Amino acid sequence: MIPYSLHTLSNGLRVVVHEAPEVAKAAVNLVYRVGSRHEDPARTGLAHLFEHLMFEGSVHVPHYDHHLQRAGAENNAFTTADLTCYYITLPADQLETAFWLESDRMLGLAFSEAKLALQQSVVIEEFKQRYLNQPYGDAYLHLRPLAYQLHPYRWMTIGEKIEHIEAVTLAEVEAFFYSHYAPNNCTLVVAGGVKTDAVLRLAERWFGPIPRRALASNVLPTEPEATAPRSLTLHRNVPAAHVYTAYGIPARADAAYYAPDFLIDLLGHGKASRLYRRLVLDTELCTRVGAFNWGLHDPGLVTLFAELAPGTSVAQYEAELAAVLAGLDTLQPDELARAATKLEAAEAFERTEVANRALALALFDAQGQLEELGSLLERYRALTVDDVLAARDRYLAPHRARTLYYLPSAQAA
Amino acid sequence: MMPLDRSQAPPLASLQAPPVPAYQRHVLANGLPVYLVPFGSQPVAEVQLVLEGGQWVQPVGGVANLTARMLQEGTHGYSAVELAQAFDRLGATVNLRASNHHTTLGVGLLSRHLPEGLALLQELVVRPSFPAERFTQLKTQTLQQLRIQQQRTQYHAQRGFFQGLFPSHPYGQVESAEAIEALGPDDLRQYWERHLRPLSGYVVVAGAFDPEPTLRALEAQLGVLQPTPAPDLPTATLAPANQGHTHVAVPEAVQTTLHLGHPAPPRSHPDYHRLRFLGVVLGGYFGSRLMATLREELGYTYGIGAGFTALRHAGYLAIRTDVANAYAEPALAAIRTEVERLRQAPIPPEELERARNAYLGRVIAGRETPFQIADLLISYLQHDLPLSTLGQGFAQVQAVTAKELLALAQQHLMPEALWVVSAGG
C-alpha cells in the first residue's frame, strides 16, 4: 500500500501527495497525459523531441537545470506512447525550487529556432545510438507496424524515422505545447519527507494561477480483430536469429487485462519459467527467451522473444513454442502461486525508494487507475488456472500472432 | 504571503550531511564477519555473500564470471530447475557476479523467507556440482552473446580501452571465444575449490528484518561451514599504459564510440573523493563540461560521461560517448579541449556551486534505502578501508576549493597521456 491523498485545483491540476516522514528527500513527478499517440503520422517522434525542449528554458527561467543542480536535485524525464513524465528528487527542504521550475515551464517555454535545431541533432543521435547502431536495434521499429495498422501505437515513441524528426517546425512545437501541456492535462505527485498541507499551499501558489487550456481531442481508431497471422522477415548482418511474436491484449483499464499479463509472466520470467525450461534447458533450441508486456493504455501488446541457438531452424522453434503453449494444460495452482510471490517481492523491492512510489502513483493516475494501485497483487492472486488458460486460448491464438523474423543474412526464413 | 515573482528563485537551504550510516557487526562461529543493516519500509531483504576471488585470480578471461553463474546450474542437492523453483517460492532474485577482486552471491527476497534463502545460499556456495551438460549450454549461450557483442561499437571500444590501459595485467584481461571454447567444467570446479570454497569474505544483510532470528539463521547456515585454506593472492606489476589513438573498424556502424582516458590513483589515495568530484565536473552530471559542450552546445551526441574510477591497485580516468561517424574527430578535439581547460583555469564559483551541490545531493539521495547502505559498506570493505571513515567524503567535497581542484587537475588530468580507442564506421 502507498498511502496518498488526491486534490484537484480549480484549473484542473490533480495533486497527489504521499507522506513518508522517515525519508529526508522529496520526489516530485509531473505526468502529462500526452505521448506519441497524439502525434501527426507525418511528424512521429514529436512528443519525445518536445520532452527535450522542456529542458531548454522557460518564460522566466533561462536555465532550468542549473537551479536543480544548485538545489542538490536529480532529475530527468521519459516519454511513452501514452504519457510524458518529468521527475525530480531533491532534499525535502528544497521542495519549492521544484514548484517554481515546473510551474514556469507549464506556463510557457522560451522557444527558439536554435534550440529546436540543437535538440533535433541530439535526438537524431539518440535515434542512431539506440535503434540503428545496435545489433537488432531496429527490430521494434518493424514490429510495431506489424502489430498495429491503424492506431498510432504503430510507430515507436522515438519516431518512425529520422526524417520526421528533422521536419518538425517551431510552429508545430508551439502548437503541440498549447494543445497538450496544461494543468488540466497533468498530475503532480509529491512524495517523501513532506506535509500534505504545505504541498497544497505550494501547489496553489505556483500552479494555481496557470489557466486551463483547450486540449486537442484524441479520438483514435480501434484496431480490427485479427483474423489471420501476419509476419515480416528481415535479413541482416547478425550472428543469431531473433524471433518476436506479438499478440494483442485488452486495454489497461479492462478487467480482462490481468490474465494475459500474468500468463506472460508465467511463460517468460525467470529460469523456472515455461519458455526457459523447454526451449533453453530441455531442447536447447534457444540461447535466450523472454516475454514482456509493452504496458500500453489502449488495447495493448505482449511479445514473446527467442534467440535461436546455432543450427535451430525457425520451424523447429515455432513447433516447440506451440508445444509450450499447448503444454500449459498441465498448469498447477502451485506455479501460479510462485509467480504471484515473485510479483509481490518485485513490487516491494521497487517501492523501497520513495521516488519509485511517486512514479507508481503518477503512472497509475495517468492511466486513470489511481485507486487500483493498492490492490494489484490481489488481482493477480485471484486468477485461477482456468483464467490463465482462457487467456491463452483467447489472446495467444495462432491467428492473432504477429511475428518478426530477424535473421542472419544466410538463414532461410 | 509575498506576491508571486516568477523571475526570483525561491531561497535554497544549505545541503546537510546525511547521518553516518548505521550497521551492526557480528562474527559467526567460524570467523565469518556479518554486517547487518536492518531497516526499511518494505518487507524485503537482501543477503550478499562477498568472497575474495574474482578476475584478479582467474587463470584465463571468463572463468570467474562463468564459475559464478554455474553455481545456480546445479548442486549436489538440487537440479538447476529445482533451484530456480525453490528461489521463486521465496520471491527471491539471485544475482551471481564476479568483479576484479570478488565474487558476490546476492539473494534478494521477501523478508519472511530469509532463513530458507540462507539455506539455499549455503547450497550454492558449498555444494555446486558443475553438471557437464549445463556447462555446455552455458558455454553456447556465452559464445553466442559474445558474437552479438562483437557487432557493437561500444564493445570494441571498451575492450581496447582496458587492454591498452592495463597491458598484461588482470585489470586489462578480456574474454576471448577461443579461451572460453577450451574450458571444461573441471576448470570451473577447480577455480571454485581454490578461490570460493575457502569462504574468505563476509556477509551483508540489509532490509526490513529482525536481527536476532536472522543472526541465528546465519549461524545455522553459514556459521557452521568450515572454511578451507585460502591461497595467497598473486601480485601483478603495472606496465606503462598505452598512449595515442587506435581505431577499430566496425562495418555498417552509423556511429563511432569513443572510449578514452589514462591511469589514475587507486582507492587508497587520500584525494579519492576530491578526484571523484573533479571527474563529475568534467563529465559526471547533466551540467558537466563535456555535456554542456558536446551535447548542449555542439549537438554531437545524445550523451557523454566521464569519471575517475579507483580500484584496489590502480585507477583510471575514462571518458565515453557515441557520435555520428563524421563527428568523431571534432568530438575528440572538443573533449581534449575540455580536459585541458580544467588544468588552465580555476572552476568559476557559480559552476563550482552547481557541481558541488549536484554531487552532494547525489550522496544524500544515495542513503535512502538499506540496500544503498549495504552497497556503501561493501565498497569500503572491498578496499580494506576502515568503516570509521564512512561518510567523510561529504565533508571533503563540501570543503574543497577551486584552487585545490585546479592543483588536482594539473596533477591528475593528463591530456598528453590519453589513450584513445575509437570504434565505428
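All figures in this text were calculated on a predicted structure; none of them were measured in a lab. (Residues numbered from 1 in each chain as written. Chains lettered and ligands numbered in written order. Predicted model: local features only at pLDDT ≥ 70, side-chain atom pairs only at ≥ 80, totals over all residues.)

Student: Explain the overall build of chain B residue by residue, including any values.
Tutor: Across its full length, chain B carries 15 helices and 11 strands. Compactness check: chain B gives a C-alpha radius of gyration of 24 Å against a globular reference of 22 Å for 425 residues, within 12% of the reference. With the C-alpha coordinates aligned to their principal axes, the bounding extent of chain B is approximately 65 × 60 × 40 Å. Across the 425 residues that make up chain B, the buried fraction comes to 45%. (Helix = DSSP H or I, 4+ residues; strand = E, 2+ residues; numbered from the N terminus. Rg over C-alpha atoms; globule rule 2.2 N^0.38 Å. Buried ≥ 20, exposed ≤ 12 C-beta atoms within 10 Å, placed from the backbone.)

Student: Would you mind going over the overall build of chain A in detail, with residue names and values included?
Tutor: Helices and strands together make up the secondary structure of chain A, namely 15 helices and 11 strands. What you see for chain A is a C-alpha radius of gyration of 23 Å, in line with the 22 Å of a compact globule of 413 residues. The burial tally for chain A puts 50% of its 413 residues in the buried class. Considering only intrachain contacts with a sequence separation of at least 6, the fraction spanning at least 24 residues in chain A is 79%. (Contact = placed C-beta atoms within 7 Å.)

Student: Which residues make up the nonpolar core, and what are the values?
Tutor: The biggest cluster of nonpolar side chains holds 76 residues, and the ones touching the most others in it are A26, V31, L188, V190, A358, L361 and A362 of chain A. The dominant element in this core, judged by the number of residues it contributes, is helix α13 (residues 354–366) of chain A, at 10 residues. (Core = buried A, V, L, I, M, F, W, Y, C linked by C-beta atoms within 7 Å.)

Student: An account of the environment of D104 of chain A is needed here, citing residue identities and associated values.
Tutor: By the secondary structure assignment, D104 of chain A is in helix α3 (residues 95–107). The exposure class of D104 of chain A is buried, given the 21 C-beta atoms found within 10 Å. A C-alpha to C-alpha distance of 38 Å links D104 of chain A and Y257 of chain A, two positions 153 residues apart in sequence. Here D104 of chain A is in contact with S58, V59, H60 and V61 of chain A together with R6 of chain B, once residues within four sequence places are set aside.

Student: Account for the interface of chain B and chain A, with residues named and values stated.
Tutor: Between chain B and chain A, the residue contacts involve 59 residues of the former and 59 residues of the latter. Broken down by secondary-structure element, the contributors of at least two residues to the side of chain B that touches chain A are α2 (80–89), β5 (102–110), α4 (132–149), β9 (301–310), β10 (315–324) and α12 (349–365) of chain B. Residue contributions to the side of chain B that touches chain A peak at 9 residues, all from α12 of chain B. Broken down by class, the residue content of the side of chain B that touches chain A amounts to 27 nonpolar, 20 polar and 12 charged. (Nonpolar A, V, L, I, M, F, W, Y, C, P; charged D, E, K, R; others polar.)

Student: An account of unusual backbone geometry is needed here, citing residue identities and associated values.
Tutor: Working note: non-glycine residues mostly have negative phi, and peptide bonds are mostly trans. Residues and elements named next belong to chain B. The phi torsion at S168 lies on the positive side, around 50°, for a residue other than glycine. Tracing the chain through its elements places S168 in the loop between α5 (153–165) and α6 (177–181). The backbone of L199 shows a phi angle near 55°, a positive value even though the residue is not glycine. Secondary-structure assignment places L199 in the loop between α7 (185–196) and β6 (201–207). Overall, L199 belongs to the buried group, with 21 C-beta atoms counted inside 10 Å.

Student: Tell me about the sheet that holds β6 of chain B, residues and numbers included.
Tutor: Residues and elements named next belong to chain B. Reading across from one edge, β1-β2-β6-β3-β5-β4 is the order of the 6 strands in this open sheet, with mixed pairing throughout. Strands at the two margins of the open sheet, each flanked by one partner only, are β1 (24–27) and β4 (93–98). Ignoring strand direction, the axes of neighbouring strands in this sheet form an average angle of 15°. Pairing geometry for β1 and strand β2 (residues 33–38), over 4 bridges, is antiparallel. Looking at the pairing, Q24 lines up with L36 of β2. (Pairing = 2+ DSSP bridges. Axes fitted to C-alpha atoms, helices over the stretch in contact; angles between N-to-C directions.)

Student: A description of the packing of helix α9 (residues 272–283) of chain B against helix α10 (residues 289–297) of chain B should follow, citing residues and the corresponding values.
Tutor: Residues and elements named next belong to chain B. At a minimum axis separation of 3 Å, α9 and α10 run at an interaxial angle of 15°. By the angle between their directions, the pair α9 and α10 is classed as roughly parallel. Touching V281, L282 and G283 of α9 are R289, L290 and M291, all from α10. For the contact of α9 with α10, the class distribution of residues is 4 nonpolar, 1 polar and 1 charged. (Parallel < 35°, antiparallel > 145°, perpendicular 65-115°, else oblique.)

Student: Provide a residue-level description of the packing of helix α1 (residues 46–53) of chain A against helix α4 (residues 113–132) of chain A, including the pertinent values.
Tutor: Residues and elements named next belong to chain A. Packing of α1 against α4 brings their axes to within 10 Å, and their N-to-C directions diverge by 120°. As summarised for this structure, α1 and α4 are arranged oblique, according to the angle between their axes. In the packing of α1 onto α4, the handedness of the crossing is right-handed. Residues H48, L49, H52 and L53 of α1 form the contact with α4, whose participating residues are K115, L116, Q119, Q120, V122 and V123. Looking at the contact of α1 with α4, its residues break down into 5 nonpolar, 4 polar and 1 charged. (Left-handed = near helix turned anticlockwise from the far one by under 90°.)

Student: Residue-level account of the sheet that holds strand β11 (residues 419–424) of chain B, with values.
Tutor: Sheet strands pair by backbone hydrogen bonding; their relative direction is either parallel or antiparallel. Residue and element names in this part refer to chain B. With mixed pairing, the 5 strands of this open sheet are ordered in space as β7-β11-β8-β10-β9. Edge positions in the sheet fall to β7 (244–249) and β9, since each of these pairs with one other strand and no more. Each strand axis lies, on average, 15° off the axis of its neighbour in the sheet, ignoring direction. In this structure, β9 lies alongside β10, joined through 8 bridges in antiparallel fashion. Each bridged residue has a counterpart across the sheet, and for T309 the counterpart in β10 is Y316. In the packing of α9 onto the sheet, the strands contacted are β8 (255–264), β9 and β10, and the crossing angle to β9 comes to about 170°.

Student: Any details on the environment of A360 of chain A? Residues and values, ideally.
Tutor: All names here are of chain A. Within the fold, A360 resides in helix α13. Residues A360 and L328 lie 32 residues apart in sequence; the distance between their C-alpha atoms is 32 Å. Contact partners of A360, with chain neighbours within four places excluded, come to I2 and L373.

Student: Residues and numbers for the pairing of β8 of chain B, please.
Tutor: All names here are of chain B. Taking burial as the measure, the 10 residues of β8 include 9 buried ones, the bulk of the element. Bridge count for β8 against β10 is 10 bridges, and the pairing is antiparallel. Opposite A264, over in β10, you have G315 as the bridge partner. Relative to β11, β8 runs antiparallel, the two being bridged by 5 bridges. Paired with L260 across the bridge in β11 is V420.

Student: An account of helix α13 (residues 370–381) of chain B is needed here, citing residue identities and associated values.
Tutor: All names here are of chain B. A rise of 1.5 Å per residue sets the reference length of α13, with its 12 residues, at 16 Å; its end C-alpha atoms lie 16 Å apart and thus fit the reference within 8%. Of all the residues in α13, the buried ones are P370, F371, I373, A374 and L377. Around the axis of α13, the buried residues are gathered within 155° of arc, so they sit on the same side. (Expected span 1.5 Å × (residues − 1). Arc of directions from axis to C-beta.)

Student: Please provide a residue-by-residue account of the confidence of the model for chain B, values included.
Tutor: Chain-level pLDDT for chain B is 96 on average; 100% of the residues reach the 70-or-more range. Reported for the predicted complex are a pTM of 0.96 and an ipTM of 0.95. (pLDDT = per-residue confidence, 0-100.)

Student: Could you give an account of the pairing of strand β6 (residues 186–192) of chain A, naming the residues involved and the relevant values?
Tutor: Residue and element names in this part refer to chain A. Along β6, 7 of the 7 residues are buried, which leaves the element largely enclosed by surrounding structure. Residues C186, L188, V190 and G192 point to one face of β6 and T187, V189 and A191 to the other, with burial holding for every one of them. Where strand β2 (residues 14–19) and β6 come together, 6 bridges link them in parallel fashion. Residue V16 lies in a different strand from β6, and its bridge partner there is V189. Across 7 bridges, the pairing between strand β3 (residues 25–32) and β6 is antiparallel. When the bridges of β6 are listed, N29 appears paired with V189.

Student: Tell me about the environment of L317 of chain B, residues and numbers included.
Tutor: Residues and elements named next belong to chain B. With respect to the helices, strands and loops of the structure, L317 is situated in strand β10. Considering only alpha carbons, one finds L317 and P11, 306 residues apart in sequence, at a separation of 36 Å. What L317 contacts, discounting residues up to four positions off in sequence, is G261, H262, A264, G279 and F308.

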